[in-house]
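# Topology and contacts: notes
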Amino acid sequence: MVGRHAARSRRAALTALGALVLTALPSAASAAPPPAPGPPRPVVPVVAGTPGAGAAAPARMLRAMERDLKLAPGQAAVRLANEAEAGTRAGLLHNTLGDRFAGAWVSGATSAELTVATTDAADTAAIEAQGAKAAVVGKGLAQLRAVKEKLDAAAVRTATRQSPVWYVDVPNNRVTVQAISESAAARFTEAAGLSGQDVSVRISADQPRVLEDLVGGDAYYINDEARCSIGFSVTKDDQQGFATAGHCGDPGATTTGYNEAPQGTFQASTFPGKDMAWVGVNSDWTATPDVKAEGGEKIQVAGSVEALVGASVCRSGSTTGWRCGTIEQHDTSVTYPDGTIDGVTRTTACAEGGDSGGPFVSGTQAQGTTSGGSGDCTSGGTTFYQPVNPLLSDFGLTLKTTSAAAETPAPQDNAAADAWAAGRVYQVGVTVSYDGARYRCLQGHQAQGAGSPASTPALWQRV
């Protein structure tokens, strides 16, 4: 296995990897509520959606989706539109069904079919009234997550290298352990106090790893000896910076930019457990909502609304370029040789060494930063990303977007925690007060300054 970072002596063999940027998309045309909206040193942008239809997405993104998802011309834009509005309908049903809710996912070439699972057949009419297909299953999402939490706890005290991946499989209403053998899965399951009826086993020889031996796009160097890739631009108070993978550096490590100019310092880093970090930059670097794409195109990040299982995602990296796939599972745990991380998202988008730290995007929405995976872009592979919303929440950061005010999120536990505030990360089901009214969150996201509950019915339901 390669080291955690590419050695500086190998710099000539590597190109720079940039962060991905997103562009705001127009509202989806549907019956659902509209979506939320080198001499003098240069000032160098730190390369880092309100959901909507895919018509305004960069042409390169749409072409990559058509290539990797095997779509007909024009289907990629339709797919993005469907996925955007499906999230709102799923959120409405999540809040309506409560503990009976067992997950939601989209399917079909253009993600035209939304399926919502429930543990009670009596909910079928309510689900179909939202234009979704009902699936009656045996376990609610909370029950599945409770099973996975037992596996997470066991992983702290048990070696999991032979059972490196476990996740909540919403479409199949089960928790799955991926292992190299039935016996390895059995050892892990028994250590968690679970029986064979509690989990499903998937046999695979895949051994996930972090993807950091090559770097593309806008590279940065750590302590003048290792390199990684810039993720999404962020701010904290007046400090500008960027999010990146936790395995790239420890707190206090210094960075230089792709141009070898002094850049910044790791402010915080978590790995293993999670794979998240952020770097604060000096005044020569400016945070922007832009992320570099191929051919000089840019996408602008509009937000961080979490996409559903089955939704399309694209990632960027100079090693493998634009690559797209679908979200297979959220809430996945994976064991690398370096340790176990929890809460990542598993995707079918391929990646290779050097793509680590790069951005994942769904439409105009930031989803997360590349962590690791298995396989490659020749034979196909699996890639995991660290979701961006937990990163923003854990470190108290504001994602730089086309509309976000550069302000530090209000503390989650202060006296005004009940009041909506820009910069806070909200999960489905959370209720807030705003302008004398109550609202319930429909989709997980970081609140943007220009997107109050009253003006973003795709994200908030008045109650």
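Since the structure is predicted, the reported quantities are computational estimates derived from the model, not experimental observations.

### A few points about the sheet that holds strand 31 (residues 460–462)
Here we have three strands laid out as an open sheet, ordered 28-29-31, and antiparallel in their pairing. The outermost strands of the open sheet, each flanked by one partner alone, are strand 28 (431–434) and strand 31. For this sheet the average axis-to-axis angle between neighbouring strands, irrespective of direction, equals 35 degrees. Sheet topology places strand 28 next to strand 29 (residues 437–441); four bridges connect them, and they run antiparallel. Bridging from a neighbouring strand, Val432 pairs with Tyr439 of strand 29.

### A closer look at the side chain of Ser452
Assignment of secondary structure puts Ser452 in the loop between strand 30 (445–446) and strand 31. Not counting residues within four places of it along the chain, the set of residues in contact with Ser452 comprises Trp420 and Tyr434.

### Quick notes on the state of the cysteines
All told, the structure shown has two disulfides when counted by the stated rule. The disulfide partner of Cys314 is Cys324, and the gap between their sulfur atoms is 2.2 Å. Here the S-S torsion is close to 100 degrees, and the disulfide linking Cys314 with Cys324 is therefore right-handed. Placement of the pair is Cys314 in strand 20 (residues 312–315) and Cys324 in strand 21 (residues 323–336), with a sequence separation of 10 residues. An identical accessibility class is assigned to Cys314 and Cys324; each is buried. Across the disulfide, Cys350 is cross-linked to Cys377 (sulfur-sulfur distance 2.0 Å). Disulfide Cys350-Cys377: the torsion about the S-S bond is 105 degrees, which places it as right-handed. Taken together, the positions of Cys350 in the loop between strand 22 (339–347) and strand 23 (359–362) and Cys377 in the loop between strand 24 (365–376) and strand 25 (380–387) put the pair 27 residues apart, joining distant regions of the chain.

### Some points on the packing of aromatic side chains
Under the criterion given, the structure shown has four aromatic pairs. Ring centres of Trp420 and Tyr434 lie 5.6 Å apart, and the angle between their planes is 80 degrees; this geometry places the pair in the edge-to-face category. With a gap of 14 residues between them, Trp420 in the loop between strand 26 (398–399) and strand 27 (425–426) and Tyr434 in strand 28 connect regions that are remote in the sequence. On the accessibility criterion, Trp420 (14% relative accessible area) is buried. Of the residues examined, Tyr434 reaches a relative accessible area of 26% and is grouped as partly exposed. Here the aromatic rings of Tyr426 and Trp460 are separated by 5.1 Å at their centres, their planes lie at 75 degrees, and the arrangement is edge-to-face.

### Observations concerning the pattern of salt bridges
A side chain with one charge may pair with a side chain of the opposite charge, provided their charged atoms come close. Scanning the entire structure with this criterion turns up 10 salt bridges. Each of Lys148, Asp152 and Asp331 takes part in salt bridges that share partners, so that together they form one network.

### With respect to the environment of Arg227
When you line up the elements, Arg227 lands in strand 11 (residues 226–229). Between the alpha carbons of Arg227 and Gly249 there is a distance of 9.4 Å; along the sequence they are 22 residues apart.

### Points about helix 4 (residues 141–157)
If you check helix 4, its first and last C-alpha atoms are 25 Å apart, about what 17 residues at 1.5 Å a residue would give, namely 24 Å. The complete set of buried residues in helix 4 reads Leu141, Leu144, Val147, Lys148, Leu151, Asp152, Ala154 and Ala155. Along the axis of helix 4, the buried positions cluster into a sector of 165 degrees, meaning they face one direction only. In helix 4, those exposed residues whose orientation departs by more than 90 degrees from the buried face are Ala142, Glu149, Val156 and Arg157.

### Some thoughts on unusual backbone geometry
Cis rather than trans, the peptide bond between Phe271 and Pro272 has omega equal to -5 degrees. Counting through the fold element by element, Pro272 comes out in the loop between strand 15 (262–270) and strand 16 (276–281). A positive phi is found at Asp224, a non-glycine position, where the angle reads about 60 degrees. Examined against the element boundaries, Asp224 turns out to sit in the loop between strand 10 (219–222) and strand 11.

### Remarks on the nonpolar core
Core analysis: the biggest nonpolar cluster contains 43 residues, and Leu114, Val116, Leu151, Val175, Val177, Phe188 and Val199 have the highest contact counts within it. For this core, the element with the most residues is helix 4, which contributes six residues. Leave out the neighbours within four places in its chain, and Val199 touches Val147, Leu151, Val175, Val177, Thr189 and Leu194.

### Re helix 6 (residues 388–395)
Listed in full, the buried residues belonging to helix 6 are Val388, Asn389, Leu391, Leu392 and Phe395. Projected onto a plane normal to the axis of helix 6, the buried residues spread over an arc of 160 degrees and lie on a single side. Following helix 6 by one or two positions, Gly396 has its phi on the positive side, about 65 degrees.

### A closer look at the sheet that holds strand 5 (residues 133–136)
Taken together, three strands build an open sheet; the order of strands is 3-4-5 and the sheet is mixed. Two strands lie at the open edges of the sheet, namely strand 3 (101–107) and strand 5, each paired on one side alone. On average, each strand axis in the sheet is tilted by 25 degrees relative to the strand beside it, whichever way the strands run. Across four bridges, strand 4 (residues 113–118) lies against strand 5 in parallel orientation. Bridge pairing in strand 5 links Thr115 to Lys133.

### Brief notes about the pairing of strand 13 (residues 239–244)
Relative to strand 13, strand 12 (residues 233–236) runs antiparallel, the two sharing four bridges. Pairing of Thr235 across the sheet is with Gln240, part of strand 13. Linking two consecutive strands that pair antiparallel, namely strand 12 and strand 13, is a turn of two residues; a positive phi of about 55 degrees is found at Asp237 within it. As paired strands, strand 13 and strand 16 are joined by four bridges and run antiparallel to one another. When the sheet's bridge partners are listed, Phe242 is paired in strand 16 with Val279.

Rules of the game
- Residues numbered from 1 in each chain as written.
- Predicted model: local features only at pLDDT ≥ 70, side-chain atom pairs only at ≥ 80, totals over all residues.
- Heavy atoms only, no water.
- Pairing = 2+ DSSP bridges.
- Helix = DSSP H or I, 4+ residues; strand = E, 2+ residues; numbered from the N terminus.
- Axes fitted to C-alpha atoms, helices over the stretch in contact; angles between N-to-C directions.
- Contact = heavy atoms within 4.5 Å.
- Disulfide = S-S within 2.5 Å.
- Buried < 20%, exposed > 50% of the residue type's maximum accessible area, 1.4 Å probe, protein only.
- Phe/Tyr/Trp six-rings, centres within 6.5 Å; stacked < 30°, edge-to-face > 60°.
- Salt bridge = Lys/Arg side-chain N within 4 Å of Asp/Glu carboxyl O.
- Expected span 1.5 Å × (residues − 1).
- Arc of directions from axis to C-beta.
- Core = buried A, V, L, I, M, F, W, Y, C linked by side-chain atoms within 4.5 Å.

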